[in-house]
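# Examination of the molecular architecture
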Amino acid sequence: MINKNTQENHEFFAALTNAGVPLTEGWGPLECSRAVNAWLHDNSARDMNLVFTALNQFEESHSSLTDEVQEAIAQIKGQHSTH
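These remarks concern the structure in this document. In this text the structure is predicted, and so the values were computed from the model without any measurement.

What counts and how
Residues numbered from 1 in each chain as written. Predicted model: local features only at pLDDT ≥ 70, side-chain atom pairs only at ≥ 80, totals over all residues. Heavy atoms only, no water. Core = buried A, V, L, I, M, F, W, Y, C linked by side-chain atoms within 4.5 Å. Buried < 20%, exposed > 50% of the residue type's maximum accessible area, 1.4 Å probe, protein only. Helix = DSSP H or I, 4+ residues; strand = E, 2+ residues; numbered from the N terminus. Contact = heavy atoms within 4.5 Å. Expected span 1.5 Å × (residues − 1). Arc of directions from axis to C-beta. Phe/Tyr/Trp six-rings, centres within 6.5 Å; stacked < 30°, edge-to-face > 60°. Axes fitted to C-alpha atoms, helices over the stretch in contact; angles between N-to-C directions. Parallel < 35°, antiparallel > 145°, perpendicular 65-115°, else oblique. Left-handed = near helix turned anticlockwise from the far one by under 90°. Nonpolar A, V, L, I, M, F, W, Y, C, P; charged D, E, K, R; others polar.

Glancing now at the nonpolar core. Core analysis: the largest hydrophobic core is formed by 24 residues, its most contacted members being F12, L16 and V51. At the level of secondary structure, the elements contributing two or more residues to this core comprise α1 (7-18), α2 (29-41), α3 (45-60) and α4 (67-79). When near neighbours in sequence (up to four residues on either side) are disregarded, L16 contacts V21, L23, C32, V36, V51 and L55.

So, in C-alpha cells, the structure goes:
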C-alpha cells in the first residue's frame, strides 16, 4: 500500500491546488493526476499554463521524486503534451 501521508505528496497536492485545481484533501498523487486531467479538459490554456508552471517548479525544488509522484506528473504532462 502506498503511503499518501508523506511530505512530498502534500507538496505535490499543494502545488496543484495553488495553481487552482480543485482537489479533495487526502488524495494521493495518482488520484490528483486523474482529477487534474479532467479539470484541464474543461478549462483554458491559461489554466494549463498555471498547472505546468506549478509542476515544473515542484520538480525543480525536489532532487528526487517517488515513483508514484513521477508517474502522476508523467500522466498529466503526457495527457497534455502539446504544452
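Now that the structure is up, let's keep going.
Note that D47 resides in helix α3. D47 gets classed as buried once you look at its relative accessible area, which sits at 13%. When neighbours within four sequence positions are excluded, D47 is seen to be in contact with W39 and L40.

Right, let's talk about α1 for a bit. The periodicity of an α-helix, 3.6 residues per turn, causes residues three or four positions apart to be oriented the same way. Between its first and last C-alpha, α1 extends 16 Å over 12 residues, near the 16 Å set by a 1.5 Å rise per residue. Within α1, the full set of buried residues consists of E8, N9, F12, F13, A15 and L16. Taken end-on, α1 shows its buried residues confined to a sector of 160°, consistent with a single buried face. Opposite the packed face of α1, turned more than 90 degrees from it, sit the exposed residues Q7 and N18. Structurally, α1 contributes buried residues whose contacts are with α2, α3 and α4.

Turning next to the packing of aromatic side chains. Per the counting criterion, the structure on display carries 1 aromatic pair. Ring geometry for F12 versus F58: centroids 5.6 Å apart, planes at 65°, classification edge-to-face. Placement of F12 in helix α1 and of F58 in helix α3 is noted, with a sequence separation of 46 residues between them. Taken individually, F12 and F58 each receive the classification buried, so the pair is uniform in this respect.

Here we come to the packing of α1 against α3. Following both chains from N to C, one finds α1 and α3 inclined at 155°, their axes separated by 9 Å at the closest point. Comparing their axes, α3 and α1 come out roughly antiparallel. Crossing of α1 over α3 shows right-handed handedness. Residues E8, E11, F12, A15 and L16 of α1 touch α3, and the partners they reach there are V51, A54, L55 and F58. Counted by class, the contact of α1 with α3 contains 7 nonpolar, no polar and 2 charged residues.

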